[in-house]
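Summary of structural features
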Amino acid sequence: MANQRHYNEVDDAFELFLVNESEGEKKITEKPFAGTSNTSDFILLKEDHTLGNLLSEHLKQAPHVLMAGYKVGHPNVPEVMIRLQTDGTVTPREVLIDTCKQLIASYGQLGREFTREYELRRMVAAGEQENGGKP
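Remember, predicted model here, so these are calculated numbers, not experimental data.

As for the packing of helix H2 (residues 49-61) against helix H3 (residues 92-130)
Interhelical geometry of H2 versus H3 gives an angle of 110° and a closest axis separation of 10 Å. Considering their axes alone, H2 and H3 lie roughly perpendicular with respect to each other. The segment H2 lies against H3, with Leu54, Leu55, His58 and Leu59 engaging Val95, Leu96, Thr99, Cys100, Leu103 and Tyr107. Taken together, the residues that form the contact of H2 with H3 break down as eight nonpolar, two polar and no charged.

Focus: the sheet that holds strand E3 (residues 65-72)
Read across the open sheet, the four strands follow the order E1-E2-E4-E3; overall the sheet is antiparallel. In this open sheet, the two edge strands, each paired with only one partner strand, are strand E1 (28-32) and E3. Direction aside, the axes of adjacent strands within the sheet are offset by 20° on average. With seven bridges joining them, strand E2 (residues 39-45) and strand E4 (residues 79-86) adopt antiparallel strand pairing. Note on E4: the bridge partner recorded for isoleucine 43 is methionine 81.

Topic: the side chain of threonine 86
Tracing the sequence through the fold places threonine 86 in strand E4. Among the polar contacts made by the side chain of threonine 86, one reaches the main-chain carbonyl oxygen of valine 90 at a distance of 2.8 Å.

A closer look at the confidence of the model for the protein
Residues at a pLDDT of 70 or more form 85% of the protein, whose mean pLDDT is 87. Contacts from residues 1-7, a stretch scored under 50 in pLDDT, to residues over four places away or in other chains number zero contacts.

Some details on unusual backbone geometry
A positive phi angle, close to 55°, is found at asparagine 38, a residue other than glycine. With respect to the helices and strands, the residue asparagine 38 is situated in the loop between E1 and E2. Since its relative accessible area comes to 35%, asparagine 38 is described here as partly exposed. Look at lysine 46: it is not a glycine, yet its phi comes out positive at around 60°. For lysine 46, the position within the fold is in the loop between E2 and H2.

Here's the deal with the pairing of E4
With six of eight residues buried, E4 lies mostly within the body of the structure. Here E3 pairs with E4 via seven bridges, running antiparallel. Paired with valine 72 across the two strands is valine 80, which belongs to E4. Counting the residues between successive antiparallel strands, the hairpin from E3 to E4 contains six residues.

Things to note about the nonpolar core
Among soluble globular proteins, nonpolar side chains are generally buried collectively. Leu55, Leu59, Ile82 and Leu84 are the most contacted members of the largest nonpolar core, which totals 13 residues. Every element with two or more residues in this core is listed here: E2, H2, E3, E4 and H3.

Cut-offs used in this document
Residues numbered from 1 in each chain as written. Predicted model: local features only at pLDDT ≥ 70, side-chain atom pairs only at ≥ 80, totals over all residues. Heavy atoms only, no water. Axes fitted to C-alpha atoms, helices over the stretch in contact; angles between N-to-C directions. Helix = DSSP H or I, 4+ residues; strand = E, 2+ residues; numbered from the N terminus. Parallel < 35°, antiparallel > 145°, perpendicular 65-115°, else oblique. Contact = heavy atoms within 4.5 Å. Nonpolar A, V, L, I, M, F, W, Y, C, P; charged D, E, K, R; others polar. Pairing = 2+ DSSP bridges. Polar contact = N/O pair within 3.5 Å; in protein donor to acceptor, adjacent residues only side chain to side chain. pLDDT = per-residue confidence, 0-100. Buried < 20%, exposed > 50% of the residue type's maximum accessible area, 1.4 Å probe, protein only. Core = buried A, V, L, I, M, F, W, Y, C linked by side-chain atoms within 4.5 Å.

Structural data, given as structure tokens:
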């Protein structure tokens, strides 16, 4: 019985980071920032410093970005706010989308390279094992 309870607690903890669309939750919400032109705040629901820092650092490197930063309002509230200001030639939304696409492509490539290297090392280890440990 204890194991079943443990699995339920793990499932519940995992659920904290899943967006419940049936209750009207949206993963990302854009709110134009009234104080500055070409500036938007993006609220990322059920995220933390990991994604906030990653996105803000890559957004700072994007062309046409004047300012990018993030904050987590409270450690117990899984919500990240990213403020993004552009020079006006592109919208903050376009820059965020482009940066996300670039990150997805980069991490996809990293995953493929890691898998290839892992498989090569596994084949080498299997060959050494068949040859009695000799390369």
